[in-house]
Amino acid sequence: MLMTHTAKQLQDIYRNLGNDKESNSEDDLVSIAGRIVARRAFGKLAFLTLRDDSGSIQLYCEKRRLLNDKFEQLKSLVDIGDIVGDCGSMKRTEKGELSVVVDSFAMLTKSLLPLLDKCHGLTDVDKHYCQRYVNMSSNPEVADVLQKRAKII
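Participant: What is the right way to look at the overall build of the chain in this model?
Facilitator: What the chain contains, in helices and strands, is 5 helices and 6 strands. In sequence order, the chain lays out its α and β elements as α-β-β-β-β-α-β-β-α-α-α. When burial is assessed residue by residue, the chain has 37% of its 153 residues classed as buried. At a minimum sequence separation of 6, the contacts of the chain that also span at least 24 residues come to 62%. Working note: accessible area of the chain is about 9700 Å², and carbon and sulfur atoms make up 53% of it.

Below is the structure:
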């Protein structure tokens, strides 16, 4: 699975897509990869929030669009913290959220430990400095500061 876009690129390209509209042309097929930071499942529909280095985007997963038992696999196997690759078209939901309508997905990396709690974050100061990757995976602002520092130096 070859990644064609980042989350920020998709937000920029499809910023004018109207609410409850889907881009269905062959040119609009996208492939994106990133870490799952939120998931919500409702019967035959599931929403996942995917974060990559550039930002976040929603994944819109419908049972009828995923072949075989892929939807059930997605609901049962994909957890917060996993890294997945997804292919599909673009859609803006009724509420105005830009989403990738998933036609296929692949589990790239399974998360062995859960991500840190959003509210409390990393409270141990020693881990904050010694295990910086833990803080960066749950707090994108920390990763952004580190990237800016690296560019300056």
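Moving on from the coordinates now.
Participant: So what exactly am I meant to see when it comes to the pattern of salt bridges here?
Facilitator: Pairing is possible between side chains of opposite charge, provided their charged atoms come close. A complete count under the given rule lists 8 salt bridges for this structure. Lys110 serves as the salt-bridge partner of Asp82, at 3.0 Å between the closest nitrogen and oxygen. With a gap of 28 residues between them, Asp82 in the loop between helix 2 (70–77) and strand 5 (83–92) and Lys110 in the loop between strand 6 (98–109) and helix 3 (125–130) connect regions that are remote in the sequence. Through salt bridges with shared partners, a single ionic network connects Glu22, Arg65 and Asp103.

Participant: Help me understand the environment of Gly81 in this model?
Facilitator: Take Gly81: it is sitting in the loop between helix 2 and strand 5. When near neighbours in sequence (up to four residues on either side) are disregarded, Gly81 contacts Arg35, Ile36, Ser111 and Leu115.

Participant: Explain the pairing of strand 5 here, please?
Facilitator: Counted residue by residue, strand 5 has 8 buried out of 10 residues, so it is predominantly covered. As judged from the 3 bridges shared by strand 1 (residues 21–23) and strand 5, these two strands associate in the antiparallel manner. Note that in strand 5 the partner of Lys21 across the bridge is Arg92. With 6 bridges joining them, strand 2 (residues 30–42) and strand 5 adopt antiparallel strand pairing. Across the sheet, Gly34 pairs through a bridge with Val84, a residue of strand 5. The turn joining strand 5 and strand 6, which pair antiparallel and follow one another in sequence, is formed by 5 residues; a positive phi near 95° is taken by Gly96.

Participant: Quick question: what am I supposed to make of the nonpolar core here?
Facilitator: Generally speaking, soluble globular proteins have nonpolar side chains that are buried together. Residues Leu10, Ile57, Leu59, Cys61, Met90 and Val100 are the most contacted members of the largest nonpolar core, which totals 23 residues. Among the elements that make up this core, the one with the highest residue count is strand 6 (4 residues). Discounting residues that sit within four places of it in the chain, Ile57 has contacts with Ala7, Leu10, Gln11, Ile32, Leu48, Thr49, Leu50, Met90, Leu98 and Val100.

Participant: Sorry, what's going on with the environment of Leu66 here?
Facilitator: Note that Leu66 resides in the loop between strand 4 (56–62) and helix 2. Separated by 36 residues in the primary sequence, Leu66 and Val102 have C-alpha atoms spaced 7.4 Å apart.

Participant: Is there a simple way to think about the pairing of strand 6 in this case?
Facilitator: Each regular strand displays side chains that alternate between the two surfaces of the sheet. Judged from the 3 bridges that link them, strand 4 and strand 6 form a sheet pairing that is parallel. Residue pairing for strand 6: Leu59 is matched across the bridge by Val100.

Participant: Looking at this structure, I do not really get the environment of Pro114. What am I missing?
Facilitator: As for its placement among the helices and strands, Pro114 is situated in the loop between strand 6 and helix 3. The spatial distance from the C-alpha of Pro114 to the C-alpha of Ile80 is 6.9 Å, given a sequence separation of 34 residues.

Calculation criteria
Residues numbered from 1 in each chain as written. Predicted model: local features only at pLDDT ≥ 70, side-chain atom pairs only at ≥ 80, totals over all residues. Heavy atoms only, no water. Helix = DSSP H or I, 4+ residues; strand = E, 2+ residues; numbered from the N terminus. Buried < 20%, exposed > 50% of the residue type's maximum accessible area, 1.4 Å probe, protein only. Contact = heavy atoms within 4.5 Å. Areas by Shrake-Rupley, 256 points an atom, 1.4 Å probe, with all protein chains shown as cover. Salt bridge = Lys/Arg side-chain N within 4 Å of Asp/Glu carboxyl O. Pairing = 2+ DSSP bridges. Core = buried A, V, L, I, M, F, W, Y, C linked by side-chain atoms within 4.5 Å.

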